[in-house]
Structures are given as C-alpha cells and as structure tokens.
Amino acid sequence: MGDSNQTSPERFFLLGLSNVLYLKVICFIMFFIMYLTTLSGNILLIVVVRINSKLQTPMYIFLSNLSVIDICFSSNIVPIILINTLSEDRSISLLGCAVQMYFHMELGGTECVLLAIMAYDRFVAICRPLHYQTIINKRMCACFASISWAVGLANSLIHTLLTFQLPFCKFHVNHFFCEMPPFFQLSCKDTRTNEIVMQVAGLIIIMCAFFLTVISYVHIIFTILKIHSSQGRQKAFSTCTSHLTVVSVYYGTIMFMYLKPRSTYSPEMGKIVSILYTVVTPMLNPIIYSMRNKEVKDTIKIKLLRQSNH
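The text that follows walks through the structure, step by step, so that each part is easy to find. Small disclaimer: the values here were computed from a predicted structure and weren't measured.

Thresholds, definitions, all that
- Residues numbered from 1 in each chain as written.
- Predicted model: local features only at pLDDT ≥ 70, side-chain atom pairs only at ≥ 80, totals over all residues.
- Heavy atoms only, no water.
- Helix = DSSP H or I, 4+ residues; strand = E, 2+ residues; numbered from the N terminus.
- Buried < 20%, exposed > 50% of the residue type's maximum accessible area, 1.4 Å probe, protein only.
- Areas by Shrake-Rupley, 256 points an atom, 1.4 Å probe, with all protein chains shown as cover.
- Pairing = 2+ DSSP bridges.
- Contact = heavy atoms within 4.5 Å.
- Axes fitted to C-alpha atoms, helices over the stretch in contact; angles between N-to-C directions.
- Expected span 1.5 Å × (residues − 1).
- Bend = angle between axes of the 7 residues up to and from the residue.
- Left-handed = near helix turned anticlockwise from the far one by under 90°.
- Nonpolar A, V, L, I, M, F, W, Y, C, P; charged D, E, K, R; others polar.
- Phe/Tyr/Trp six-rings, centres within 6.5 Å; stacked < 30°, edge-to-face > 60°.
- 1 Å grid on protein atoms, 1.4 Å probe; cavity = no way out; pocket = protein on both sides within 12 Å on 5 of 7 lines; lining within 4 Å.
- Points joined across faces, edges and corners; volume = space filled by probe spheres on them.
- Disulfide = S-S within 2.5 Å.

**Structural notes on the overall build of the protein**
Then comes step 1: The number of helices and strands found in the protein is eleven helices and three strands.
Then comes step 2: Reading the protein from its N terminus to its C terminus gives the helix and strand order α-β-α-α-β-α-α-α-β-α-α-α-α-α.
Then comes step 3: Within the span of the protein, comprising 310 residues, buried residues form 48% of the whole.
Then comes step 4: As displayed, the protein offers around 15,800 Å² of accessible surface, 68% of which is attributable to carbon and sulfur atoms.

**Details of the sheet that holds strand 3 (residues 172–173)**
Then comes step 1: One open sheet accounts for three strands, arranged 2-1-3; its pairing is mixed. Looking at the sheet topology across the chains shown, the edges are occupied by strand 2 (91–93) and strand 3.
Then comes step 2: Looking at chain direction, strand 1 (residues 11–14) and strand 3 are connected through two bridges and run parallel. Across the sheet, L14 pairs through a bridge with V173, a residue of strand 3.
Then comes step 3: Its contacts with the sheet put helix 4 (residues 94–127) on strand 1 and strand 2, and the angle it makes with strand 2 is roughly 85°.

**A look at helix 8 (residues 192–225)**
Then comes step 1: Look at helix 8: 47 Å from first C-alpha to last across 34 residues, which is about the 50 Å you get at 1.5 Å a residue.
Then comes step 2: By the largest-angle criterion, G202 marks the main kink of helix 8, which is about 25°.

**Notes on the pairing of strand 1**
Then comes step 1: In this structure, strand 1 lies alongside strand 2, joined through three bridges in antiparallel fashion. Within the sheet, the bridge partner assigned to F13 lies in strand 2 and is S91.

**As for the packing of helix 4 against helix 6 (residues 138–163)**
Then comes step 1: In the contact formed by helix 4 and helix 6, the axes pass within 7 Å of each other and the chain directions differ by 145°. Crossing handedness for the pair helix 4 and helix 6: right-handed. On helix 6, the residues touching A98, M101, Y102, M105, E106, L107, G109, T110, V113, L114, I117 and Y120 of helix 4 are F144, S148, W149, V151, G152, L153, N155, S156, L157, H159, T160 and T163.
Then comes step 2: Across the contact of helix 4 with helix 6, the residue classes break down as 14 nonpolar, nine polar and one charged.

**Quick look at the packing of aromatic side chains**
Then comes step 1: Summed over all chains, the structure comprises 17 aromatic pairs.
Then comes step 2: Between F62 and F144 the ring centres are 6.5 Å apart and the planes differ by 50°, which places this aromatic pair in the tilted class. Residue F62 is located in helix 3 (residues 58–86), and its partner F144 is located in helix 6; the two are separated by 82 residues in the primary sequence. As far as burial versus exposure is concerned, F62 and F144 are alike and both buried.
Then comes step 3: Between Y120 and F144, the ring centres sit 6.0 Å apart and the planes meet at 80°, which makes this aromatic pair edge-to-face.

**Let's talk about the side chain of T163**
Then comes step 1: Residue placement: T163 occurs in helix 6.
Then comes step 2: Under the relative-accessibility criterion, T163 is labelled buried at 0%.
Then comes step 3: Beyond its immediate sequence surroundings of up to four residues, T163 is in contact with M101, F168, M180, F183, F184 and N194.

**Details of empty space enclosed by the protein**
Then comes step 1: Within the structure shown, the criterion is met by five cavities of 30 Å³ or more.
Then comes step 2: A volume near 180 Å³ is recorded for the largest cavity.
Then comes step 3: What lines the largest cavity is a set of 17 residues, and nearest its centre among them are M105, G109, N155, I206 and Y258.
Then comes step 4: Every element with two or more residues in the lining of the largest cavity is listed here: helix 4, helix 6, helix 8 and helix 9 (230–258).
Then comes step 5: Among the residues forming the lining of the largest cavity, the class breakdown is eleven nonpolar, six polar and no charged.
Then comes step 6: Taken as a whole, the second largest cavity encloses approximately 90 Å³ of empty space.
Then comes step 7: Of all the secondary-structure elements, those providing two or more residues to the lining of the second largest cavity are helix 2 (21–51) and helix 3.

**Let's talk about the environment of F73**
Then comes step 1: Position of F73 relative to the elements: it lies in helix 3.
Then comes step 2: Sequence separation between F73 and Q100 is 27 residues, and the spatial gap between their C-alpha atoms is 10.0 Å.
Then comes step 3: Leaving out residues up to four positions away in the same chain, F73 has contacts with H104, L107, G108, E111, Y250, Y277, T278 and P282.

**Description of the state of the cysteines**
Then comes step 1: Inspection of the entire model under this criterion finds two disulfides.
Then comes step 2: Paired by a disulfide, C169 and C188 hold their sulfur atoms 1.6 Å apart. Measuring handedness by torsion sign, the sulfur bridge of C169 and C188 sits at about 130° and is right-handed. Taken as a pair, C169 in the loop between helix 6 and strand 3 and C188 in the loop between helix 7 (180–184) and helix 8 lie far apart in primary sequence, 19 residues in all.
Then comes step 3: Using a relative accessible area of 45% as the deciding quantity, one classes C188 as partly exposed.
Then comes step 4: Counting its disulfide-bonded cysteines in sequence order, the protein shows a connectivity of 1-3, 2-4.

Right under this line is the structure:
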C-alpha cells in the first residue's frame, strides 16, 4: 500500500480484528458459520410464519419484521468482515463507509423500537386479552412497523450526515466496519457536538424503548402472578422469556456502545461489543424464538415430515 493511498481522504482503512494469520483463519470460519446460521435461521422463521395460517398474528408479524432486520443488519456488516479478513486491501471508499454506517444506524434504531413494540404487544396480550384484537389490529401493526422504520431512518440520517461533515486527519479505523465511536477518534476537529447528539439520540430512542419494555414487563409479571393455575402462569411466562432474552442482550450492548462517554471508550472492547449486537444477536434471535415456541417447532416438523414422505 503506497503512502499516497494511506493519506487519501477518499478512502478509509479498516484495521479489522487481527493481523495474525491463524487468528484471521479462525475469524473467517467463525463469522462465515455465524452468517450462514443467521441467514438460514431468519429465512426459515419468515417462511414458517408465512406458511402457517395460525401464525398470522401480530406477534409473528413483528417477529417476521425482526427477522428481515436481522438479515439486513448482518448482511451489512459480515460480508465486509469476510472480505477484509482474506484480503490484503482493507480499504473502503468514503461513500461505501457512509452507506454502511447509514444502514447500520437505520437497522439498529429500527430493531431497538421494534423490540419495545413487541414488549407492548405481549403486555396487551397478557394484561388486556379481551381487548387484544381491538388494540393490536392489522392497521395498528402496520402503524407500529412504520414508526419503527421511520425512527431508525431519521436517527441514521442525522448521525451519518453529522459524522461525514467532520474533517478527518487519520484514515485508519481501529474497527472492522464503519461505526461512529471509532470515527470520532479520526477527526481533526473537536467531536463534542457529535458525541452529545449521539448520546441525546441514544437516550431518547434506546432509553425510551428500554423503559417502555420494562414498564410492559412489570405489568406482565404482576398479571401473571395473579393467575391461580401454575400451568397458566408457566404458559404466560414462556411467551415472554424469549423476548426478554433478546432484549437483555441487545439493549445491554447498544447502551454500552452509544451511551458511554468518549473518554471511557476502548477500541478493543468496542469491537467485542459490536460483534455481540451486529453478528451474534441476529444469529441467536431466530434460535431463541424457535426453540421456545411450540407452534414454530411443530410447523417445521410437519414440513420436514412432508418433505421426507415425498
């Protein structure tokens, strides 16, 4: 790589996860397997919801939306990791970096809001069962889905524009994709305004979604505890534990990444946290929901039996 390339403002250079050959091979195999698992698991979940008429309910419509987000989220990041792990040239164009950051923020913000909406859906289903069909109807589902995508779009547009208006003195990004916190360390200018905007937006979106989820589950737990039948309590809890698992991992990692001050930001820790919510969580979501969901498992079994009989 020539010096002219290294100082060119038209391209950035992603340092990736490691320069050690055997670690690069391990990373490639690991991310390739996780990416295939993410694609197959989420596509299978979308297909299962599509082919089973019993699953044409708001909860599964939201779940299908989550699977679409996870496929796009992972596809925005992992192919770049795989290419850069094998390639000597880890450069990415200014436009390519901006596009990647935009979609990363868009999909991340959308998923954050959607998880809160799914918590509200569970609240209405368990705490207001007689009014569920009236409150969570098809029109309201479309409205909720549109809100989650609109919030993600507005959030990503603001952050991407503000980030790429900064003047950059360095072009070697100590990360495996174009994410905001590592980019602030490349700027010649004071990035305090960008950091404040990032943290304010994070507080509004992440914390509002988080508190809506917490409030929903506080009501859900109190309602479940009032159920006299132990079987009824167990059934009610089982519909929520999958979502709670996903929410805990996702909100925990993005709070760590986007609500921490720059002074405490560690590039190596940032990489680990980013792997958790951009690669691991999209892979685990369909596994968590499928393994704990009888209807989904039964549909897969019936479909596999039909295929084996033909």
